Amino acid sequence: AQTVTQSQPEMSVQEAETVTLSCTYDTSENNYYLFWYKQPPSRQMILVIRQEAYKQQNATENRFSVNFQKAAKSFSLKISDSQLGDTAMYFCAFMKKDFGNEKLTFGTGTRLTIIP
Amino acid sequence: GAGVSQSPRYKVAKRGQDVALRCDPISGHVSLFWYQQALGQGPEFLTYFQNEAQLDKSGLPSDRFFAERPEGSVSTLKIQRTQQEDSAVYLCASSLRGIAYEQYFGPGTRLTVT
């Protein structure tokens, strides 16, 4: 079974600053995907960024980037130039690459507050 | 286009009542997932459909929970004889299987059992 750990229950940062959210995971699988999802107060979960485990290059999406360390089983999210709209719960999630078994395993989340 | 929709958005049930939660996935999405999110926690997997086939129901917490997707589109999660521990937000997600593996989530149904 896979487990995902987010050790920072809450974080806050000033607008325009950079913040890094941490995530570690445990798995015996070699082929998998990792995700960061954002859940604003309206509660609809939105995909922020995705990383395929076999790709060494870290994924980036505009102001969002990840630091994927496969050997250390670490997958942190960096948000640059943070904006008020980034205030949300952020969940790290794991998916085994297996047709017929596409479920996500989530961490407990980090509540991020961007301070004006 | 329209995203994933869920109804009702809020449901209050007395302990022992049966409830039915509905999910309308994005049109054409093959895969459909149900997750349970307790207060202050991350979502936890309940069950997974590929078209009308329920391929994984390992996360259903008891035999009081039942899910179906008879025509491969709309899905219903039914909880019989609700208990207080069933109080949670129930999230539905759909995806185009094999394409990017991105799951699109609905707004959830908040179930409160009194």
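This section reports on the structure supplied with the text. No experiment lies behind these values; they were computed from the predicted model shown. (Residues numbered from 1 in each chain as written. Chains lettered and ligands numbered in written order. Predicted model: local features only at pLDDT ≥ 70, side-chain atom pairs only at ≥ 80, totals over all residues. Heavy atoms only, no water.)

**Describing the state of the cysteines**
Residue and element names in this part refer to chain B. Applied cut-off: Put simply, a disulfide is two cysteine sulfurs that come within 2.5 Å. Think of it this way: any DSSP run of H or I at least four residues long counts as a helix, any run of E at least two long counts as a strand, and we number them from the N terminus. Under the scheme applied here, a residue whose accessible area is under 20% of the maximum for its type counts as buried, over 50% as exposed, and between as partly exposed, the area being computed with a 1.4 Å probe on protein chains only.
With the rule as written, the count across this model stands at 2 disulfides over all chains. Disulfide pairing is shown between Cys23 and Cys92; the S-S distance is 1.8 Å. In this structure, the disulfide formed by Cys23 and Cys92 twists by about -65° around the S-S bond and is classed as left-handed. Remark: Cys92 occurs in strand β9 (residues 88-95) and Cys23 occurs in strand β3 (residues 19-24); sequence separation between them is 69 residues. We classify Cys23 as buried; its relative accessible area is 0%. Its relative accessible area of 0% is what places Cys92 among the buried residues.

**Some words on the sheet that holds strand β8 (residues 75-79) of chain B**
Residue and element names in this part refer to chain B. Stated precisely, the cut-off is as follows: Between any two strands, pairing holds if DSSP finds at least two bridges. Axis lines are fitted to C-alpha atoms, over the contacting stretch for helices. Their N-to-C directions set the angle, which ranges from 0 to 180 degrees.
Strand order in this open sheet of 4 strands is β1-β3-β8-β7, and the pairing throughout is antiparallel. The open sheet is flanked by β1 (5-7) and β7 (65-68), the only strands paired with a single partner. Strand-to-strand twist across the sheet, computed as the mean angle between neighbouring axes with direction ignored, equals 15°. As judged from the 5 bridges shared by β3 and β8, these two strands associate in the antiparallel manner. Its bridge partner lying in β8, Val19 is registered against Ile79.

**What to know about the interface of chain B and chain A**
When the parts of a complex come together, some accessible area is lost, and that lost area is often taken as the interface size. Put simply, the rule reads: Contact definition: two residues touch when any of their heavy atoms are within 4.5 Å. Two parts placed together each lose some accessible area; with a 1.4 Å probe, that loss summed over both constitutes the buried area. Here, a salt bridge means any side-chain nitrogen of Lys or Arg that lies within 4 Å of a carboxyl oxygen of Asp or Glu. Each polar contact in these results corresponds to two N or O atoms within 3.5 Å; when the atoms are within protein, one needs to be able to donate a hydrogen and the other to accept it, and residues that are neighboring in sequence are counted only if both atoms are side-chain atoms. Gly counts as polar in this scheme, as do all residues outside two lists: the nonpolar Ala, Val, Leu, Ile, Met, Phe, Trp, Tyr, Cys and Pro, and the charged Asp, Glu, Lys and Arg.
At the interface, 29 residues of chain B touch 22 residues of chain A. Both faces considered, chain B and chain A share a buried interface measuring about 2,100 Å² in area, 53% of it formed by carbon and sulfur atoms. Looking at the side of chain B facing chain A, the largest losses of area belong to Pro43, Tyr101 and Phe105 of chain B, adding up to 32% of the total buried there. Note that Lys103 of chain A is salt-bridged to Asp56 of chain B, the shortest N-O span being 3.6 Å. Taken together, the links from chain B to chain A amount to 7 residue pairs in polar contact (both at pLDDT 80 or more). When contributions to the side of chain B that touches chain A are tallied by element, the ones reaching two or more residues are β4 (31-37), β5 (44-50), β6 (53-56) and β9 of chain B. Ranked by residues supplied to the side of chain B that touches chain A, first place goes to β4 of chain B with 4 residues. When grouped by side-chain class, the residues that make up the side of chain B that touches chain A number 13 nonpolar, 11 polar and 5 charged.

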